[in-house]
Amino acid sequence: MNNPCLLIILAILPMCAFAAPVRIVANEQGFEAPAKVSAGMRHILFENRGHAVHAVMFVKLPKGMSAGDYLAQVKAGELLPKGALDYSGAGLTSPGEGTELWLQLDAGEYVLICWHHPRVSVRALSVQQSKGSDDAPPKEDVTLKLSDFRFELSGPVRKGTRVIRIETPGPSMHEADLFRLLPGSDAADVRRWYKQDELEGKAPAIALGGILDNHDVARVVWLRKTFIAGRYVLHCAMPMSMDAKSGEHQANHADAGMVLAFDVD
């Protein structure tokens, strides 16, 4: 191997290699996840290996707040601890299901949290500045806009593996839980089930992930899912009041009409 140009190319290749996706696995004991990741646009792979529904939210902590401090406020009933910023994440996901996201993470200290199991599902995560490249999102097949208080799809969702670009014109924060209805169920059944404590009772649908809210509504998130034929529901459970407390029954965006049923043929 005496070709100097080839030697240079081989030396550069490792620096150009794509970063591995950030893998997060949830179960009833908490999260399996890396302790640190690089800042930038990150490819997230989320999987639920538990027996209950799980989700994962990225929350950036303000300076001086530890993961323990954040958890203490959550246990005291705070849905949005002061100074902490939501950075989206994978929405409700049924056991055995998973999803892929591309979202922007700024440098700082974070927690990962599942709001339906907050006493155990909180994990510290350090997002560090890096000279590495971003994980480029794939080209979208359809765009979903989260407006006050409706979902707007730019076109039909087809069978197969599809990419949805999700924007939030707002002006409010929104989320988009994605469900595939089970036979005999409808969107109203999903709304009723969601309001039950700990999502108890027989689920009317399979929860497929979707995305959670972001304090910076200008941020775009990409979601990749494999769709089979069926009827699907998008549902936003953000509380109407930003002062709402956990454990309280409060009106949410779905109550204001932010629910959309659509068919995949």
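Scroll up for the structure.
Residues numbered from 1 in each chain as written. Predicted model: local features only at pLDDT ≥ 70, side-chain atom pairs only at ≥ 80, totals over all residues. Heavy atoms only, no water.

Quick word on the sheet that holds strand β14 (residues 205-207)
Across a sheet, paired strands are connected by hydrogen bonds in the backbone, their directions being either parallel or antiparallel. Taken in spatial order, the 4 strands of this open sheet run β14-β13-β16-β17, and their pairing is antiparallel. Each of the sheet's edge strands pairs with one partner strand only, and the pair in question is β14 and β17 (259-264). Strand-to-strand twist across the sheet, computed as the mean angle between neighbouring axes with direction ignored, equals 30°. Two elements, strand β13 (residues 177-181) and strand β16 (residues 230-235), share 4 bridges in a ladder whose sense is antiparallel. Directly across from R180, in β16, lies its bridge partner Y232. (Pairing = 2+ DSSP bridges. Helix = DSSP H or I, 4+ residues; strand = E, 2+ residues; numbered from the N terminus. Axes fitted to C-alpha atoms, helices over the stretch in contact; angles between N-to-C directions.)

Overview of the environment of K159
On the secondary structure map, K159 appears in the loop between β11 (150-153) and β12 (160-170). Sequence separation of K159 and L92 is 67 residues, and the distance between their C-alpha atoms is 21 Å. Excluding residues within four positions of it along the chain, K159 makes contact with F227, I228, A229, V264 and D265. (Contact = heavy atoms within 4.5 Å.)

Details of the nonpolar core
Core analysis: the largest hydrophobic core is formed by 43 residues, its most contacted members being I24 and F58. Those residues within four positions of I24 in sequence are excluded, and the remaining contacts are F31, E32, A33, I44, L45, F46, E47, V56, F58 and L112. With 26 residues, the next largest nonpolar core counts A55, V74, F179 and A237 among its residues. (Core = buried A, V, L, I, M, F, W, Y, C linked by side-chain atoms within 4.5 Å. Buried < 20%, exposed > 50% of the residue type's maximum accessible area, 1.4 Å probe, protein only.)

Focus: the environment of P118
Relative to the assigned elements, P118 resides in the loop between β8 (108-113) and β9 (122-128). As for P118 and K75, which are separated by 43 residues in sequence, their C-alpha atoms are 7.8 Å apart. Beyond its immediate sequence surroundings of up to four residues, P118 is in contact with L71, V74 and I113.

Thoughts on the packing of aromatic side chains
Overall, the coordinates contain 4 aromatic pairs when judged by the stated rule. Relative to Y110, the ring of Y87 lies with its centre 5.4 Å away and its plane at 75°, an arrangement referred to as edge-to-face. With a gap of 23 residues between them, Y87 in strand β6 (residues 85-93) and Y110 in strand β8 connect regions that are remote in the sequence. Judged by relative accessible area, which is 7%, Y87 ranks as buried. In textbook terms, an aromatic cluster arises when at least three aromatic residues are bridged by ring pairs, as seen for F227, Y232 and F262. (Phe/Tyr/Trp six-rings, centres within 6.5 Å; stacked < 30°, edge-to-face > 60°.)

Re the side chain of H43
Mapped onto the elements of the fold, H43 is located in strand β4 (residues 40-48). Within the structure, the side chain of H43 is placed 2.7 Å from the side chain of E100, a separation counted as a polar contact. (Polar contact = N/O pair within 3.5 Å; in protein donor to acceptor, adjacent residues only side chain to side chain.)

Some thoughts on the side chain of N48
Mapped onto the secondary structure, N48 falls in strand β4. Polar side-chain contacts of N48 include one of 2.8 Å to the backbone nitrogen of G50. With residues near it in sequence (within four places) discarded, N48 still touches A26, V53, H54, T93, S94, P95, G96 and E97.

Some details on the state of the cysteines
In the structure shown here, the tally under the stated rule is 0 disulfides. Sulfur of C114: no disulfide; nearest cysteine sulfur belongs to C236 and is 17 Å away. Of the residues examined, C114 reaches a relative accessible area of 0% and is grouped as buried. (Disulfide = S-S within 2.5 Å.)

The analysis is restricted to geometry; functional conclusions fall outside its scope.
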